[in-house]
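Coordinate inspection notes
Single-letter residue listing:
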Amino acid sequence: MSFHVMLLGDSAVGKTCILVRFKDGAFLGGNFIATVGIDFRNKVVTVDNMKVKLQMWDTAGQERFRSVTHAYYRDAQALLLLYDITRKSSFDNIRAWLTEIYEYAQKDVVIMLLGNKSDMAAERVITHEEGEKLAKEYGVPFMETSAKTGVNVELAFHAIARELKHRNIQQPHEPKFKIHDYIESEKQKSNCCGGIM
Ligand SMILES: Nc1nc2c(ncn2[C@@H]2O[C@H](COP(=O)(O)OP(=O)(O)OP(=O)(O)O)[C@@H](O)[C@H]2O)c(=O)[nH]1
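If you look the chain up in an unreviewed UniProt entry, it shows as small monomeric GTPase from Cyprinus carpio carpio. The UniProt entry for the chain carries this comment under Sequence similarities (unreviewed entry): "Belongs to the small GTPase superfamily. Rab family." As recorded by UniProt, the Cofactor (unreviewed entry) comment attached to the chain reads in full: "Mg(2+)".

Here it is as structure tokens:
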């Protein structure tokens with residue numbers, strides 16, 4: 001089973017770093033190198049003893065690459081939409097990103113909103129509540145992540161993989177998978193450490 005997951009959001013919000021953290025368990029610190037066009041990475045995760053391959057598309061946030069990335073929206077089953085909790089403009093632009101998503105993506109695409117760089121507490125300008133409120137307005141799941149510490153990165157991708165797997169194969173006896181409930185229960189489990197690493 002294989003799915004396309006696309007990462008979207010303004011330039012420098014941390015899309016490449018989130019992917020590298022998830023795939024390689026490392027943080028890409030140092031000089032920022034903007035993605036050109038689109039980049040690809042694969043990772044296989046296990047959901048209920050089943051292998052689920054996530055083909056992840058890392059898009060360039062810079063405006064000049066928009067026409068390149070638009071072409072990929074249609075083939076994505078899930079979209080991770082990121083902003084940077086230390087940069088207000090990246091949060092304000094989320095509405096515009098969602099407008100693009102509604103224009104170019106599949107109608108039933110799974111969308112998740114991520115407030116990244118949660119490790120930068122001193123520079124924070126967008127509260128957790130503001131992120132949550134916006135996500136609620138659009139009916140999408142939300143969490144804050146950090147590519148630097150790894151907080152909630154695994155959880156975000158595993159929640160997406162589970163949702164996609166359950167949409168594809170729903171056993172007759174199985175209760176319907178609810179992504180919001182799954183995220184909340186996984187967060188509770190790891191409350192002691194501030195999130196899933
Ligand atoms: N402190 C901290 N820095 C981060 C985090 N995620 C990314 N960064 C830094 O933010 C900068 C941009 O990260 P990228 O992952 O390259 O951003 P991007 O969204 O892929 O940017 P584009 O390719 O232009 O769209 C880099 O300098 C990263 O080191 C994070 O969670 N915490």
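Next up on the list: the nonpolar core. Leu 54, Leu 80, Met 112, Phe 157 and Ile 160 are the most contacted members of the largest nonpolar core, which has 33 residues in total. For this core, the secondary structure elements donating two or more residues are β1 (2-8), α1 (15-24), β2 (38-47), β3 (50-59), β4 (78-84), β5 (110-116), α6 (153-168) and α7 (179-189). The element best represented in this core is α6, accounting for eight residues. One finds Tyr 73, Ile 85, Leu 98 and Val 140 within the second-largest nonpolar core, a separate group that totals 24 residues.

Turning our eyes to something else, we now look at helix α2 (residues 66-73). Of the positions making up α2, those classed as buried are Arg 66, Thr 69, His 70 and Tyr 73. The buried residues of α2 all sit within an arc of 110 degrees when viewed along its axis, so they share a single face. Along its buried surface, α2 packs onto β1, β3 and α4 (94-104).

For the pair α1 and α6, interaxial distance at closest approach is 9 Å and the crossing angle is 85 degrees. Our classification of the angle between α1 and α6 gives roughly perpendicular. Mapping the contact onto sequence places Ile 18, Leu 19, Arg 21 and Phe 22 in α1 and Val 153, Glu 154, Phe 157 and His 158 in α6. Tallied by class, the residues present in the contact of α1 with α6 amount to five nonpolar, one polar and two charged.

Sheet topology note: the β1/β3 ladder contains six bridges and is parallel. When the bridges of β3 are listed, Met 6 appears paired with Trp 57. Looking at chain direction, β2 and β3 are connected through ten bridges and run antiparallel. Looking at the pairing, Val 47 lines up with Met 50 of β3.

The backbone of Asp 48 shows a phi angle near 50 degrees, a positive value even though the residue is not glycine. If you trace the backbone, Asp 48 turns up in the loop between β2 and β3. In this structure, Asn 49 is a non-glycine residue whose phi angle is positive, near 65 degrees. Within the secondary structure, Asn 49 sits in the loop between β2 and β3.

Cut-offs applied
Residues numbered from 1 in each chain as written. Predicted model: local features only at pLDDT ≥ 70, side-chain atom pairs only at ≥ 80, totals over all residues. Heavy atoms only, no water. UniProt positions renumbered as here; feature names shortened; annotations may be inferred. Core = buried A, V, L, I, M, F, W, Y, C linked by side-chain atoms within 4.5 Å. Buried < 20%, exposed > 50% of the residue type's maximum accessible area, 1.4 Å probe, protein only. Helix = DSSP H or I, 4+ residues; strand = E, 2+ residues; numbered from the N terminus. Arc of directions from axis to C-beta. Contact = heavy atoms within 4.5 Å. Axes fitted to C-alpha atoms, helices over the stretch in contact; angles between N-to-C directions. Parallel < 35°, antiparallel > 145°, perpendicular 65-115°, else oblique. Nonpolar A, V, L, I, M, F, W, Y, C, P; charged D, E, K, R; others polar. Pairing = 2+ DSSP bridges.

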